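# Survey of secondary and tertiary structure
Here is what each chain is made of, one letter per residue.
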Amino acid sequence: MATRPPAAGEGRPWALAAHPRLAKGKVVGVVVLDGWGEAPPDPFNCIHAADTPTLDALKKGAPERWRLIKAHGTAVGLPTDDDMGNSEVGHNALGAGQIYAQGAKLVDLALASGKIFQGEGFKYIQQSFDTGTLHLIGLLSDGGVHSRFDQLQLLLKGASEHGAKRIRVHVLTDGRDVLDGSSVRFVEMLEDDLDRLREKGVDARIASGGGRMYVTMDRYENDWQVVKRGWDAHVLGEAPHKFRNALEAVKKLREVPKANDQYLPPFVIVDESGKPVGPILDGDAVVTFNFRADRMVMLAKALEYENFDKFDRVRFPKIRYAGMLQYDGELKLPSHYLVAPPEIERTSGEYLAHNGIRTYACSETVKFGHVTFFWNGNRSGYFNPNLEKYEEIPSDIGIPFNVQPKMKALEIAEKARDAILSRKYDQVRVNIPNGDMVGHTGDIEATIVGCKAADEAVKIILDAIEQVGGIFVVTAEDMAKRDKSGKPLLDKDGKVQTLTSHTLNPVPIAIGGPGLAPGVRFRTDLPNAGLANVAATVMNLHGFEAPGHYEPTLIEVLDK
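Note that the structure is predicted; figures quoted are calculated from it, not measured.

## Focus: the overall build of the chain
For the chain, the count of helices and strands is 16 helices and 19 strands. For the chain, the C-alpha radius of gyration of 24 Å lies close to 24 Å, the compact-globule estimate for 560 residues. By its C-alpha atoms, the chain is 80 × 55 × 40 Å across when sized along the principal axes. Taking all 560 residues of the chain together, 61% fall into the buried category. Partitioning the intrachain contacts of the chain with sequence separation of at least 6 by distance along the chain shows that 80% fall at a separation of at least 24. When the accessible surface of the chain is split by element, carbon and sulfur atoms take 50% of a total near 21400 Å².

This is the structure:
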């Protein structure tokens, strides 16, 4: 399935044709299980190990109404089928019904063509190169979920060739989308690149850093203290740990018992007199080089907003700031960016709003944006506030997900149940995040508990659909917890290495419910179907034909 830009929507009608075989008026429950993929059973497959009778019954009960679809690579707009999917591009595809070039692919194209260095965003920061420092802040990783190391390398090379004389890199260690401990190797490789730049006369150094889950990369305003720790280190040059070089910093901080890359404390690199080598000052340029939006938005607000009250910034330097991409299209944040975002048009949510479908969407904080903002094509707010209601359940703050692995799954399910039983809505859409968020911790026992809670949540929703004679669609995206082959990886001693990354595994989709017409089944002629095919499917279940430019529906209706 090739990635392609959708055809322009100018002149297309918003009215959807009635489906010739499927009736309107049925409540459709759409459940997205985050981080729920299909992999061979083994003791380390938490979904297999967990007690999940509801989801097991969907798989075993009606083979023609359960199948696998792709959630990675070109099926969701990423460069190749070796690229792992993630929650954001997954929900874009689920909601858009079309395949758009996404994050990493957009950046790859801009870097390969050199257009990134000719665009307005780069020209803006370039104004600081003569007298100021270029600061690059982002995730040091080749995981391909938030950033990629090769893109940072090309950005460093291109910036130096286009006039940057003084560069400081502020590194956030990963251990979530790549192996824990790989931070040492990435710092070594980056230091080699910076050495080569120094040989060419560019003053290039690592200035600060910390672990991604403890420093800088919070999301959805869950914990501003994470961002403050990053601000203090990157901008003010202040941190509890000071080192002469980044390699020493990462190695020493990892020696602490139970230390891991995700949660390394903030550190600052200092010179021989103890002075930080790279605070951000008036006249400097700053680029956040992550291409994924969710964990850069909060830092972007702190860097860009003059009126800001989330924490005391101490000082607010007058800088030229650009994101690798624009992280929030509705907020126009940041106002400058190196690569233009995809313009996702005519999403399924917008079509359904134009056709009178009343929609309720709900999740907890960590995934609320996925069933609203990302589902709606990176658009905040409602299409029609008279027809839509979005409800956010606050996530636990300051409590690791493996400590509370049930998260808010049951609360989400209860909200969905109430919405279904109220009969006020035609579509009730939720994201249940346990598989993803708990799976990312690498805690197998906790993830098993989280998977069981997700299954219990699905049962609550399906029971409500049964009561109102409705239809359900249960699908997933973005499987976590394994390597790219889906197999547990062994360390040098032959022990299983705990992994927290996304995978290339397919994800399930199941349909059913008393309102589903007897002859509906999954088609067998779409072996490479992916998440983008779900939107047309859901439109059909609402009694509409999907627009012609959408990826084809997964279902057909046979005579019974």
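## Notes on the sheet that holds strand β8 (residues 285-288)
One key point about sheets: their strands pair by backbone hydrogen bonds, in either a parallel or an antiparallel sense. With respect to topology, eight strands assemble into an open sheet ordered β6-β7-β5-β4-β3-β8-β9-β10, the strand pairing being mixed. With one partner strand each, in any of the chains shown, β6 (241-243) and β10 (337-339) form the two edges of the open sheet. Across the sheet, the axes of successive neighbouring strands diverge by a mean angle of 20 degrees, strand direction being ignored. Note: strand β3 (residues 134-140) against β8, four bridges, orientation parallel. Considered in β8, the bridge of His-135 is made with Val-286. Each of β9 (320-325) and β10 is contacted by helix α4 (residues 103-113), which is oriented at about 110 degrees to β9, the strand it contacts most.

## Some thoughts on the packing of helix α8 (residues 224-236) against helix α10 (residues 297-304)
Their axes nearest at 10 Å, the elements α8 and α10 cross at an angle of 55 degrees. On the basis of the axis angle, α8 is oblique to α10. The element α8 and its partner α10 pack so that their crossing is right-handed. Between α8 and α10, the contacting residues are Trp-224, Val-227, Trp-231 and Val-235 on the first element and Met-298, Leu-299, Lys-301, Ala-302 and Leu-303 on the second. Counted by class, the contact of α8 with α10 contains eight nonpolar, no polar and one charged residues.

## Examining the packing of aromatic side chains
One pass over the full model with this rule turns up 13 aromatic pairs. When the centroid spacing of 5.9 Å and the interplanar angle of 45 degrees are considered together, the rings of Phe-149 and Phe-186 count as tilted. A residue pair is termed long-range when its members are at least 10 positions apart, and Phe-149 in helix α6 (residues 149-161) and Phe-186 in helix α7 (residues 183-199) qualify at 37 residues. With respect to class, Phe-149 is no different from Phe-186; both count as buried. An angle of 80 degrees between the planes, with centres 5.4 Å apart, marks the rings of Trp-224 and Phe-308 as edge-to-face. Of the two residues, Trp-224 is situated in helix α8 and Phe-308 in the loop between α10 and β9; the sequence distance between them amounts to 84 residues. With a relative accessible area of 15%, Phe-308 lands in the buried category. Chaining the aromatic ring pairs together yields one cluster made of Trp-224, Trp-231, Phe-308 and Phe-311. Sitting over the ring of Phe-186, Arg-185 keeps its end group 4.6 Å from the ring centre. Over the aromatic face of Trp-14 sits the side chain of Arg-346, whose NZ or CZ is 3.9 Å from the ring centroid.

## Describing helix α15 (residues 444-468)
Its 25 residues give α15 an end-to-end C-alpha distance of 37 Å, which sits within 8% of 36 Å, the value for a rise of 1.5 Å per residue. Where α15 starts, the residue carrying a side-chain oxygen 3.3 Å from the main-chain nitrogen of Glu-445 turns out to be Asp-443.

## Here we look at the side chain of Arg-313
Checked against the element boundaries, Arg-313 lands in the loop between α10 and β9. No salt bridge is formed by the buried Arg-313; the nearest opposite charge belongs to Asp-312, separated by 7.0 Å. Not counting residues within four places of it along the chain, the set of residues in contact with Arg-313 comprises Trp-231, Leu-236, Lys-301, Ala-302, Tyr-305, Glu-306 and Phe-308.

## Observations regarding the confidence of the model for the chain
Parts of the prediction with low pLDDT should not have their coordinates interpreted in detail. For the chain, the mean per-residue pLDDT works out to 92, and 93% of the residues sit at or above 70. Every residue in residues 1-8 is under pLDDT 50, and counting partners more than four places away or in other chains gives 23 contacts. Contacts from residues 480-486, a stretch scored under 50 in pLDDT, to residues over four places away or in other chains number 35 contacts.

## Some details on the nonpolar core
By size, the foremost hydrophobic cluster in this structure holds 78 residues, and its most contacted members are Leu-134, Ile-167, Leu-190, Met-324 and Leu-338. Each residue touching Leu-338, except ones within four places of it in the same chain, is listed here: Ile-116, Gly-121, Phe-122, Ile-125, Leu-155, Val-287, Ala-322, Gly-323 and Met-324. In this structure, Ala-416, Phe-472, Ala-476 and Leu-554 belong to the second largest nonpolar core, which totals 69 residues.

## Let's talk about the packing of α4 against α6
If you want to describe how two helices pack, look at the angle between their axes and the distance between the axes. With their axes 11 Å apart at the nearest point, α4 and α6 run at an angle of 30 degrees to one another. Comparing the axis directions of α4 and α6 gives the class roughly parallel. Our pair here, α4 against α6, has a crossing hand that is left-handed. Between α4, through Ala-104, Val-107, Asp-108 and Leu-111, and α6, the contact on the second element is made entirely by Gln-151, Leu-154 and Leu-155. Counted by class, the contact of α4 with α6 contains five nonpolar, one polar and one charged residues.

## Some words on the pattern of salt bridges
A full pass over the atoms with the stated rule returns 33 salt bridges. A salt bridge links Glu-88 to Arg-292; the shortest N-O distance between them is 2.3 Å. Remark: Arg-292 occurs in the loop between β8 and α10 and Glu-88 occurs in helix α3 (residues 87-96); sequence separation between them is 204 residues. According to the relative accessible area criterion, Glu-88 is buried, its value standing at 4%. The buried category is assigned to Arg-292, whose relative accessible area is 7%. Residue Asp-261 pairs with Arg-254 through a salt bridge whose shortest N-O separation is 2.8 Å. Given a relative accessible area of 0%, Asp-261 falls into the buried group. The network of salt bridges with common partners includes Glu-88, Arg-219, Arg-292 and Asp-294.

## Points about the sheet that holds strand β13 (residues 427-432)
Spatial ordering of the open sheet is given by β2-β17-β14-β1-β13-β11-β12, a layout of seven strands whose pairing is mixed. Two strands in the sheet have a free side with no partner beyond their single neighbour: β2 (66-69) and β12 (388-393). On average, each strand axis in the sheet is tilted by 15 degrees relative to the strand beside it, whichever way the strands run. Two elements, β2 and strand β17 (residues 507-512), share four bridges in a ladder whose sense is antiparallel. By the bridge assignment for β17, Leu-68 is matched with Pro-508. Its contacts with the sheet place helix α12 (residues 365-374) against β1 (28-34), β11 (359-364), β12 and β13, and it is angled at close to 150 degrees to β11. Here α15 sits on the sheet and contacts β1, β13 and β14 (471-477); the angle it forms with β1, its principal contact strand, is near 175 degrees.

Rules and cut-offs
- Residues numbered from 1 in each chain as written.
- Predicted model: local features only at pLDDT ≥ 70, side-chain atom pairs only at ≥ 80, totals over all residues.
- Heavy atoms only, no water.
- Helix = DSSP H or I, 4+ residues; strand = E, 2+ residues; numbered from the N terminus.
- Rg over C-alpha atoms; globule rule 2.2 N^0.38 Å.
- Buried < 20%, exposed > 50% of the residue type's maximum accessible area, 1.4 Å probe, protein only.
- Contact = heavy atoms within 4.5 Å.
- Areas by Shrake-Rupley, 256 points an atom, 1.4 Å probe, with all protein chains shown as cover.
- Pairing = 2+ DSSP bridges.
- Axes fitted to C-alpha atoms, helices over the stretch in contact; angles between N-to-C directions.
- Parallel < 35°, antiparallel > 145°, perpendicular 65-115°, else oblique.
- Left-handed = near helix turned anticlockwise from the far one by under 90°.
- Nonpolar A, V, L, I, M, F, W, Y, C, P; charged D, E, K, R; others polar.
- Phe/Tyr/Trp six-rings, centres within 6.5 Å; stacked < 30°, edge-to-face > 60°.
- Lys NZ or Arg CZ within 6 Å of the ring centre and 35° of its normal.
- Expected span 1.5 Å × (residues − 1).
- Polar contact = N/O pair within 3.5 Å; in protein donor to acceptor, adjacent residues only side chain to side chain.
- Lys, Arg positive; Asp, Glu negative; His and termini not counted.
- Salt bridge = Lys/Arg side-chain N within 4 Å of Asp/Glu carboxyl O.
- pLDDT = per-residue confidence, 0-100.
- Core = buried A, V, L, I, M, F, W, Y, C linked by side-chain atoms within 4.5 Å.

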